[in-house]
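Structural overview
Chain residues, written in single-letter form:
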Amino acid sequence: MQESDQREQHPERRERSGAASGGPEQDPPTTARDAAAQGAAGTAAHPTPEQVVAGLRATSEGPDLVELLSPEGVFTPHPDYPLEVTAELLQGLYRDMVLVRRFDREGNALQRQGQLSLWAPLLGQEAAQIGAGRALRPTDMAFPSYREHGVAWCRGIDPAQLLGIFRGTDQCGWDPAATRFNGYAIVIGNQVLNAVGYAMGQRLDGAVGGAGNSASAAGAGADGPDGADGPEGVDGSEATIAFFGDGATSQGDVHEAMVFGAVFDAPVVFYCQNNQWAISEPVEKQSRVPLYRRAHGYGFPGVRVDGNDVLACLAVTRWALQECRSGNGPVMIEAFTYRMDAHTTSDDPTRYRLADEEEAWKLLDPIERVRVHLTREGLADAAFFERVAQDADELAAHFRAACYALDSPGPDRLFSHVYSGEHEQTRRQHAEQIGYLASFQEPAESGR
Amino acid sequence: MELDSSVLIMGEDVGRLGGVFRVTEGLQKDFGENRVIDTPLAESGIIGTAVGLAMRGYRPVTEIQFDGFVFPGFDQIISQVAKVTYRSQGAFSMPMVIRIPFGGGIGAVEHHSESPESLFCHIAGLRVVACSTPQDAYDMLREAIACDDPVVFFEPKRRYWEKGPVDIGTPPQGSTFSSVVRRPGTDVTVVTYGPSVAVALAAAEAAATEGRSLEVIDLRTLSPLDLDPVLESVRRTGRAVVVTEAPRESSISADVAARITEEAFYSLAAPVQRVAGYDVPYPPSKAEHHYLPDLDKVLDAVDRTYAF
Ligand SMILES: Cc1ncc(C[n+]2csc(CCOP(=O)(O)OP(=O)(O)O)c2C)c(N)n1
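Just so it is clear, the model here is predicted, and its values are computed rather than measured. (Residues numbered from 1 in each chain as written. Chains lettered and ligands numbered in written order. Predicted model: local features only at pLDDT ≥ 70, side-chain atom pairs only at ≥ 80, totals over all residues. Heavy atoms only, no water.)

In terms of helices and strands, chain B carries 11 helices and 12 strands. Its C-alpha atoms put chain B at 60 × 45 × 40 Å along the principal axes. Across the 308 residues that make up chain B, the buried fraction comes to 55%. Pairs at least 24 apart in sequence give 80% of the contacts found in chain B among residues at least 6 apart. If you average the places of the 28 positive and of the 42 negative side-chain charges in chain B, the two averages end up 1 Å apart. (Helix = DSSP H or I, 4+ residues; strand = E, 2+ residues; numbered from the N terminus. Buried < 20%, exposed > 50% of the residue type's maximum accessible area, 1.4 Å probe, protein only. Contact = heavy atoms within 4.5 Å. Lys, Arg positive; Asp, Glu negative; His and termini not counted. Charge placed at Lys NZ, Arg CZ, Asp CG, Glu CD.)

A few words now on the packing of helix H5 (residues 87-112) of chain A against helix H6 (residues 126-135) of chain A. Residue and element names in this part refer to chain A. Orientation of H5 relative to H6, taken along the N-to-C sense of each, is 125 degrees, at an axis distance of 10 Å. The orientation of H5 relative to H6 falls into the category oblique. Crossing angle aside, the handedness with which H5 passes H6 is right-handed. From H5, Leu 93, Asp 96, Met 97, Val 100 and Arg 101 reach across to H6, where they touch Glu 126, Ala 127, Ile 130 and Arg 134. (Axes fitted to C-alpha atoms, helices over the stretch in contact; angles between N-to-C directions. Parallel < 35°, antiparallel > 145°, perpendicular 65-115°, else oblique. Left-handed = near helix turned anticlockwise from the far one by under 90°.)

Before going further, it helps to spend a moment on the interface of chain B and chain A. Taken together, the 45 residues of chain B in the interface contact 42 residues of chain A. Each partner contributes to the roughly 3,900 Å² buried at the junction of chain B and chain A, and carbon and sulfur atoms together form 53% of this total. Residues Glu25(B) and Arg351(A) are paired through a salt bridge, measuring 2.7 Å at the closest nitrogen-oxygen approach. For the side of chain B that touches chain A, the secondary structure elements donating two or more residues are helix H10 (288-291) and helix H11 (295-307) of chain B. Looking at which element gives the most residues to the side of chain B that touches chain A, the answer is H11(B), with 5 residues. The residue makeup of the side of chain B that touches chain A, split by class, is 17 nonpolar, 9 polar and 19 charged. (Buried area = accessible area lost by both parts, 1.4 Å probe. Salt bridge = Lys/Arg side-chain N within 4 Å of Asp/Glu carboxyl O. Nonpolar A, V, L, I, M, F, W, Y, C, P; charged D, E, K, R; others polar.)

All names here are of chain A. The strand order across the open sheet built from 5 strands is S1-S2-S3-S7-S6, with neighbouring strands paired in parallel fashion. In this open sheet, the two edge strands, each paired with only one partner strand, are strand S1 (141-143) and strand S6 (302-306). Across the sheet, the mean angle from the axis of one strand to that of its neighbour is 20 degrees, orientation sign disregarded. The pairing of S1 with strand S2 (residues 240-245) spans 3 bridges and is classified as parallel. Within S2, the residue paired with Phe 143 across the bridge is Ala 242. (Pairing = 2+ DSSP bridges.)

All names here are of chain B. Here the largest pocket defines a volume of roughly 1,300 Å³. Along the wall of the largest pocket there are 36 residues; nearest its centre are Val 23, Ala 137, Tyr 138, Leu 141 and Arg 142. Across the lining of the largest pocket, the residue classes break down as 21 nonpolar, 4 polar and 11 charged. (1 Å grid on protein atoms, 1.4 Å probe; cavity = no way out; pocket = protein on both sides within 12 Å on 5 of 7 lines; lining within 4 Å. Points joined across faces, edges and corners; volume = space filled by probe spheres on them.)

With that out of the way, let us pick up the confidence of the model for chain A. Residue and element names in this part refer to chain A. Summary statistics for chain A give a mean pLDDT of 85 and a share of 79% for residues scoring 70 or more. Low pLDDT, under 50, characterises residues 1-33; the predicted model gives this stretch 65 contacts beyond four residues in sequence or across chains. Across residues 212-233 the pLDDT falls below 50, and counting only partners more than four positions away or on other chains, this stretch makes 37 contacts in the model. (pLDDT = per-residue confidence, 0-100.)

Below, the discussion takes up the packing of aromatic side chains. In total, this model carries 32 aromatic pairs over all chains according to the counting rule given. With centroids separated by 5.3 Å and ring planes inclined at 40 degrees, the aromatic side chains of Phe103(A) and Phe399(A) adopt a geometry described as tilted. With Phe103(A) in helix H5 and Phe399(A) in helix H16 (residues 382-405), the pair connects residues that are 296 residues apart, well separated along the chain. In this structure, Phe103(A) and Phe399(A) share a single accessibility class: buried. Centroid distance Trp277(A) to Tyr352(A): 5.3 Å. Interplanar angle 45 degrees. Geometry classified as tilted. Linking Trp277(A) in strand S4 (residues 277-278) with Tyr352(A) in the loop between strand S7 (331-336) and helix H14 (355-362), this pair joins segments that are 75 residues apart in sequence. Taken individually, Trp277(A) and Tyr352(A) each receive the classification buried, so the pair is uniform in this respect. Each member of the aromatic cluster is reached from another via a ring pair, and the members are Phe103(A), Trp119(A), Phe166(A), Trp174(A), Phe181(A), Tyr184(A) and Phe399(A). Taking NZ or CZ as reference, Arg212(B) lies 4.0 Å from the ring centre of Tyr306(B), over its face. (Phe/Tyr/Trp six-rings, centres within 6.5 Å; stacked < 30°, edge-to-face > 60°. Lys NZ or Arg CZ within 6 Å of the ring centre and 35° of its normal.)

So, about a nonpolar patch on the surface. A grouping of Val259(A), Phe260(A), Val263(A) and Phe264(A) is seen on the molecular surface, where their side chains present a nonpolar patch of about 350 Å² in accessible area. As for its placement among the helices and strands, Phe260(A) is situated in helix H11 (residues 252-263). (Patch = residues over 30% accessible without salt bridge, like charges linked within 9 Å, V, L, I, M, F, W, Y side chains within 5 Å. Areas by Shrake-Rupley, 256 points an atom, 1.4 Å probe, with all protein chains shown as cover.)

In this section: helix H8 (residues 228-237) of chain B. Residues and elements named next belong to chain B. Among the residues making up H8, those that are buried are Val 230, Leu 231, Ser 233, Val 234 and Thr 237. The arc enclosing the buried residues of H8, seen along the axis, measures out at 160 degrees, which places them on a common side. Where H8 is buried, its residues contact strand S8 (188-192), strand S9 (214-218), strand S11 (240-247) and helix H9 (252-264). (Arc of directions from axis to C-beta.)

Turning next to the environment of Ala177(A). Inspection of the secondary structure assignment puts Ala177(A) in the loop between helix H8 (163-167) and helix H9 (190-204). Under the relative-accessibility criterion, Ala177(A) is labelled exposed at 61%.

Okay, the nonpolar core next. Among soluble globular proteins, nonpolar side chains are generally buried collectively. Phe120(B), Leu219(B) and Ile260(B) are the most contacted members of the largest nonpolar core, which has 124 residues in total. The element best represented in this core is helix H13 (residues 310-325) of chain A, accounting for 11 residues. Not counting residues within four places of it along the chain, the set of residues in contact with Ile260(B) comprises Val230(B), Leu231(B), Val234(B), Ala240(B), Phe265(B), Leu268(B) and Val272(B). (Core = buried A, V, L, I, M, F, W, Y, C linked by side-chain atoms within 4.5 Å.)

Moving on to the site of the ligand. In the vicinity of the ligand lie 21 residues, with Tyr146(A), Arg147(A), Ile186(A), Gly247(A) and Glu43(B) positioned nearest. Residues lining the ligand come from chains A and B. Between the ligand and Asp246(A) there is a distance of 3.1 Å, counted from an oxygen atom to a side-chain nitrogen or oxygen. Within the backbone of Ala248(A), one N or O atom sits 2.9 Å away from an oxygen atom of the ligand. (Near = heavy atom within 4 Å. Polar contact = N/O pair within 3.5 Å; in protein donor to acceptor, adjacent residues only side chain to side chain.)

What follows deals with the pairing of S7(A). Both faces of the sheet carry side chains from a regular strand, because those side chains alternate between them. Residues and elements named next belong to chain A. For S7, a buried count of 6 out of 6 residues is recorded, marking the element as mostly surrounded by other parts of the structure. By the alternation rule, side chains of S7 split into Val 331, Ile 333 and Ala 335 and Met 332, Glu 334 and Phe 336, which are all buried. Of the pairings in the sheet, the one linking strand S3 (residues 268-274) to S7 comprises 6 bridges and is parallel in character. Residue pairing for S7: Gln 273 is matched across the bridge by Ala 335. In this sheet, S7 lies alongside S6 in parallel orientation, the contact comprising 5 bridges. Looking at S7, one finds that Val 303 is bridged to Ile 333.

Attention now moves to empty space enclosed by the protein. Applying the stated criterion across every chain, the model contains 7 cavities of 30 Å³ or more. Volume-wise, the largest cavity comes out at about 110 Å³. What lines the largest cavity is a set of 16 residues, and nearest its centre among them are Asp170(A), Gln171(A), Ala108(B), Val109(B) and Glu110(B).

Structure below.
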């Protein structure tokens, strides 16, 4: 059952049919995939009465999960989200995920070696990010939170440019305007409102509703076989995508963003990576209903996609962006995935979650299923995998070298761009700091 | 919490994890999920529901994870927390504590090193306090919980790892929401609070080797200010330096300097000097040493009071 046609249907009907599709009577999961689809409590056979009361029942339903590539690596086309799957596409997505995972692991290692003050790992979320990232056109705008290293990769940002934030030398190491990838947002939910405003601007500028319009009425794949992620797109239409976590959905900012997005028909995709945890708090501490279903309350479609399936993430995000470009936005996507590592390198997940749960999700690894598929279908040979592994090593070496090379900023960094132009107070305080530093050079004349 | 069953703890990750700084570690195990509440990730939600709980007779102790994350709850603090007692003419009191780890110097990423205390001091109806020693952290937090007013409780996160003995048997004499002299001295009054107390004490130590005696006063209560001990000290020393990490303009340091000038002008041998953070957004952590007041900046300010 898909939510994609939700707009056309009476909302109450959808609600009821949705409610009928799951519930506490649901069978216990028998495979890891079912378990995963049932959420954080997936490894427990039956929800306890307490869990049901807490609303876990509602967050653990999974029949609506859109999946194209199974954990066993079997591809099944989806009627609502068609995708032309070529060897080239699969190889590219595989390579992306392997490279991103490789430098992500390097980020962890660099933090452990004291080179970074913090790293926010994306392990396990590669498919959710690469799928969404590869669905974007260069003209689309992305508003990340702080873990979107994979999306950054797809925006053409050198991973080394991500390091400044985590090493403490900078707060945004890339040009957010030129790359159309905004700076990382750390205050939970802030960026989602900003994304909606940006999308409102796209609409005001007339950058939606171009030639994509008629194609999108037919459903997905509006840009044809080449995909929406082709060069510039033909119609000049744009969309915006906002990334946020499951925890963020509790913030007023995210709620308000959805209200604004809806009433102003903003061309915005709300892309929630539900990785099951907000630091130590499981998703049932945030919601009694599956997150994607919240979209219905605001009046736009919500789709839950298997966030460990890169093809499903790509196909659904492509469809959603095209909905936006054609003037039918917003859309919410819940990428149902799992944070395999700690929240950040300062976090200790053993304090709050069970190893069992991690083990279950390991079987759903987003990279492994593509590798299995490529191998089984004979779409890639050993030389390909060897080449990707080599590229990954080279990227990691570059990443590490770039980290060592990052210089600590001097006082100029404090005082530049506080205001758009020269500012007397800033100038005076800058001079004060320069004078202070110079005082260490001068012969001691102050009597100390 | 043992003594008063109306005391609740609320915040993100305060339960099973014990808070990101582990300040509430083990409490959920002892007091259960109804008294140590892991809340949804929403600061306006935490503060706003705490308002209602306080109206209902509870004493919520809320935790904001980091200084930079209080702002989603700022509206509730200004519009409701600070004004319920006034608006209701005392029909409702607002016995709420808002704990905020604050200040820089831990090498953190953006929004994790801010000093927003002055923003709260500008709001009538709130009590704003900052602790600087383990003993004070204990005594002041107890007083904050017992207080029928809302207390914004700032904890210097740079000092979380500094251990010290805490006497939990002897109740403090008088209110801990008062200024204290941390180190007596005769030449210059150094007024400070929170993370900068240690910096000021180090400066006093260094100054002593040069024959200057600094008196270090820890404000502890930032709003309302307890300035009598400061004024008394300045009348003796004739010189004052105010030290804080917070940006300098429109701040507590501005207020302290103004009040000293207003009330002890004829005792002053030199204008009051301020050592504060610059008026810029908090910089990337590898540049924060340029931003944070250090020992030498304090000593330079002391020099300026002599050079006048
Ligand atoms: C407003 C705000 N409150 C608290 C925090 C501290 N914090 C950082 S990440 C996080 C959990 C976020 O969880 P989620 O939204 O699910 O995203 P994830 O990190 O799992 O990707 C919290 C509580 C913050 N950054 N901003």
